[in-house]
Amino acid sequence: MTASNPGGLSGSATGAASARSSQDPGLAGLEHSIARLLGVGTYISIGLLAVGVVLMAGHGIGPLSGGPPFDLTRLGPDLIALRPAGFLWLGLLAVVATPAARVAASLVGYARRGERAMAAIAVLILLVIATSVGLAQALQG
Amino acid sequence: MIEGLLLLAAGAGAGLFGSLLGLGGGILIVPLLTLGFGLPLLTAVGISLICVIVTSSAAAGVFLERRVANLRLGMTLELFTACGAMVGGLVAFLLPARLLEGLFTALLMYVAITMVRRREASPAEPVGQTLPGAGDESEREAAARALRPPAERPARSFVDRLSGPEYRVRRIGFGVIGSVFAGVASALLGIGGGLIKVPVMHVVMGVPLRVATATSNLMIGITASASAIIYLLRGGIDPYVAAPTAIGVFVGASVGSRIASRIDLRVLRGLFVAILLYTAWQMLQRAIA
């Protein structure tokens, strides 16, 4: 994966990137930070899922045997007991949370830059995500 | 154990194909899980959403690093894709599985026909979700273009701020409508929605194709998250199946992005169209059975 080193841009492109960065270092810094956040989030997610899969194999659990439903209260005990479900669910939560973390980071970045419209959009996106969680939990109950 | 390896291989194949052909893996993951492993359609869609988020996050990071994706435009439109995805995620649990299978059949047919029509097009014209290839020439050109000294036009209005140095975003309203549809389609069918977003941004809104593709990739993460959360909390995601499939897709897409420039995509595209048509036939039989 090339998340941290995007495949080696040519000298001209990277040179141009530097030129643009000097014109708007704040925006370049924000995008760079978000890129790093997405890369790290992806690797953490995949790492947790990989640990879960290894533990599944160790416990002799077949993937088509039907996994346990998501239960937040079991997450901690499952992780402590090194049960695969704990790592799998934490990994899946990390997958889903990574884009939301990107929006939260954008919110902070745009707010610092004084871009109120973009900061407001970031808040609204996070509200939509929160509403999704709320509606799903309400319907689940 | 064997089943786990098969899921890993299936995910890797979907990620590899998707990456090489510029389509998201979602178009293949759902049929693979339903037809190949006998999973219910909703579970397959939920797992596919997880896979497209993983690929999107990895790709979006690279696109942002290269400064090809338009973060402001992506965030503005993803507010509406997320709304569409939230509605789609809620509706998906109310619709009969046969209707969703019928919709998926239509999607497969549409993609197959689109690929036949684009047979002569350059391989560097992805329409869906893809990981950026290393050293992609057209991408470097796009990056260089985007990084030239800013145009004379000062960024005053909100639309100016959404635009790039060499293009001005237009018809935002169409972009909003397209984004809502893309979000609904993503949530119902487990796809990234790039099939809708990229043409809308490029053709209707005047965004250069490479920027539209990168920005669409960026948006997929939040779009799919808004509905994946609903699937996750309502029992629509099986962690035992999701994990090996997502890892496979991640690996396959990563490999695909590195070897894309060395593969003759004409043969691959023909094979892919055949697979899509066969899958569409199988899905149709399932829908009307």
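Residues numbered from 1 in each chain as written. Chains lettered and ligands numbered in written order. Predicted model: local features only at pLDDT ≥ 70, side-chain atom pairs only at ≥ 80, totals over all residues. Heavy atoms only, no water.

1. Focus on the overall build of chain B
Selection criterion: Helical segments are the DSSP runs of H or I of at least four residues, strand segments are the runs of E of at least two, and each set is numbered from the N terminus. The cut-offs for exposure are 20% and 50% of the maximum accessible area for each residue type, with area from a 1.4 Å probe on protein chains only; residues under the lower value are buried, those over the upper are exposed, and the others partly exposed. Two residues form a contact once any of their heavy atoms are found within 4.5 Å. Areas reported here follow the Shrake-Rupley algorithm with a probe of radius 1.4 Å; residue values treat only the protein chains shown as occluding.
Tallying secondary structure elements over chain B gives 12 helices and zero strands in all. Tracing chain B from N to C terminus, the helices and strands come up as α-α-α-α-α-α-α-α-α-α-α-α. Taken over 289 residues, chain B has a buried fraction of 63%. Taking contacts inside chain B between residues at least 6 apart in sequence as the whole, the part at least 24 apart equals 82%. Carbon together with sulfur atoms contributes 67% to the accessible area of chain B, which is approximately 10300 Å² in total.

2. Here's the deal with the interface of chain B and chain A
Short version of the rule: Simply put, the buried area is the total loss of 1.4 Å probe accessible area from both parts when two parts are fitted together. Any Lys or Arg side-chain nitrogen found within 4 Å of a carboxyl oxygen on Asp or Glu counts as a salt bridge. Definition of a polar contact: a pair of N or O atoms within 3.5 Å, with one able to donate and the other able to accept a hydrogen when the atoms are protein atoms, and with sequence-neighbouring residues admitted only if both atoms are side-chain atoms. Residues are grouped as follows: nonpolar covers Ala, Val, Leu, Ile, Met, Phe, Trp, Tyr, Cys and Pro; charged covers Asp, Glu, Lys and Arg; every other residue, Gly included, is treated as polar.
Each partner contributes residues to the interface: chain B has 63 residues there, and chain A has 68 residues. The contact between chain B and chain A buries some 6200 Å² in all, and 75% of this surface belongs to carbon and sulfur atoms. If you sort the residues of chain B by the area they bury against chain A, Arg67, Leu233 and Tyr240 of chain B come out on top, with a joint share of 14%. Taken together, the links from chain B to chain A amount to four salt bridges. Residues arginine 72 of chain B and glutamate 115 of chain A are paired through a salt bridge, measuring 2.7 Å at the closest nitrogen-oxygen approach. Between chain B and chain A we count eight residue pairs in polar contact (both at pLDDT 80 or more) in total. Secondary structure elements with two or more residues in the side of chain B that touches chain A: helix H1 (2–21), helix H3 (41–65), helix H4 (71–92), helix H6 (137–146), helix H7 (158–162), helix H10 (209–233) and helix H11 (239–259) of chain B. Element by element, the count of residues in the side of chain B that touches chain A is highest for H11 of chain B, at 11 residues. Grouping the constituent residues of the side of chain B that touches chain A by class yields 44 nonpolar, eight polar and 11 charged.

3. Here's the deal with the pattern of salt bridges
Counted according to the given criterion, the structure contains nine salt bridges over all chains. Between glutamate 115 of chain A and arginine 161 of chain B there is a salt bridge, and its shortest N-O distance comes to 3.7 Å. Of this pair, glutamate 115 of chain A sits in the loop between helix H4 (84–113) and helix H5 (116–140) while arginine 161 of chain B sits in helix H7, placing the two residues on different chains. On the basis of relative accessible area, glutamate 115 of chain A is assigned to the buried category, the value being 8%. A residue is classified by how much of its surface remains accessible, and arginine 161 of chain B, at 34% relative accessible area, is partly exposed. Arginine 168 of chain B is paired through a salt bridge with aspartate 160 of chain B; the nearest N and O atoms lie 2.3 Å apart. Owing to a relative accessible area of 11%, aspartate 160 of chain B belongs among the buried residues under this scheme. Members of the salt-bridge network, linked through shared partners, are Arg113 and Glu115 of chain A together with Arg72 and Arg161 of chain B.

4. A few points about helix H5 (residues 97–117) of chain B
Formally: In a helix, the anticipated span is given by 1.5 Å times the number of residues less one.
Here H5 of chain B spans 30 Å end to end across 21 residues, near enough to the 30 Å set by a 1.5 Å rise per residue. Within H5 of chain B the residues assigned to the buried category are Leu100, Glu101, Phe104, Thr105, Leu107, Leu108, Val111, Ala112, Thr114 and Met115 of chain B.

On their own, these measurements won't tell you what the molecule is for.
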